[in-house]
Amino acid sequence: MAKEKQKSNAWVPLLFIGGFVLYAIGSGGSDDEKDESRYDADGCLPAEDAFFVSQQFVERSLKAPSTAEFSSSFDRESGYHKTGACTYRVSGYVDAENSFGAKIRTNWWTEVEYSPEEDGWRLLDMTTDE
């Protein structure tokens, strides 16, 4: 009798796992859907996103981008703030190799704009202390 009881309850974990998988598939949206909770009243992404996008713009200008080590958004020498509807001023530094292979620190400042219509970023201005 004990064997029969074990056998009859063997399906319970499978049912639980199957239910979880169906829930996960059903609740996961497509990659094309926007997470509307991330946008502010103007339809803009947060300033933190501008910081990381700015790093990508700066990285494209480096001689050896694979050697880049960017400042954290929490560093004293880094910062970002919203200057307009979807416009942000961002600053930081990057340690990267120059054309001679020497690792140097470069301070940078960008102004970037998020376009809700295009769901993309645009570089308005970039300055470095090189």
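The structure this text deals with has already been given above.
Definitions and limits used
Residues numbered from 1 in each chain as written. Predicted model: local features only at pLDDT ≥ 70, side-chain atom pairs only at ≥ 80, totals over all residues. Heavy atoms only, no water. Buried < 20%, exposed > 50% of the residue type's maximum accessible area, 1.4 Å probe, protein only. Helix = DSSP H or I, 4+ residues; strand = E, 2+ residues; numbered from the N terminus. Pairing = 2+ DSSP bridges.

Caption draft 1: Up close: the pairing of strand β3 (residues 87–97). In terms of burial, β3 is largely enclosed, as 9 of its 11 residues are buried. Note that strand β1 (residues 69–70) and β3 share 2 bridges and pair antiparallel. Counted as the bridge partner of Phe70 is Val94 from β3. Bridge count for strand β2 (residues 79–82) against β3 is 4 bridges, and the pairing is antiparallel. In the sheet register, Lys82 faces β3, and the bridge partner there is Tyr88. With antiparallel pairing between neighbouring strands as the criterion, β2 and β3 make up a hairpin whose turn holds 4 residues. Sheet topology note: the β3/strand β4 (residues 103–115) ladder contains 11 bridges and is antiparallel. Bridged to Val90 within β4 is Thr110. The turn joining β3 and β4, which pair antiparallel and follow one another in sequence, is formed by 5 residues; a positive phi near 90° is taken by Gly101.

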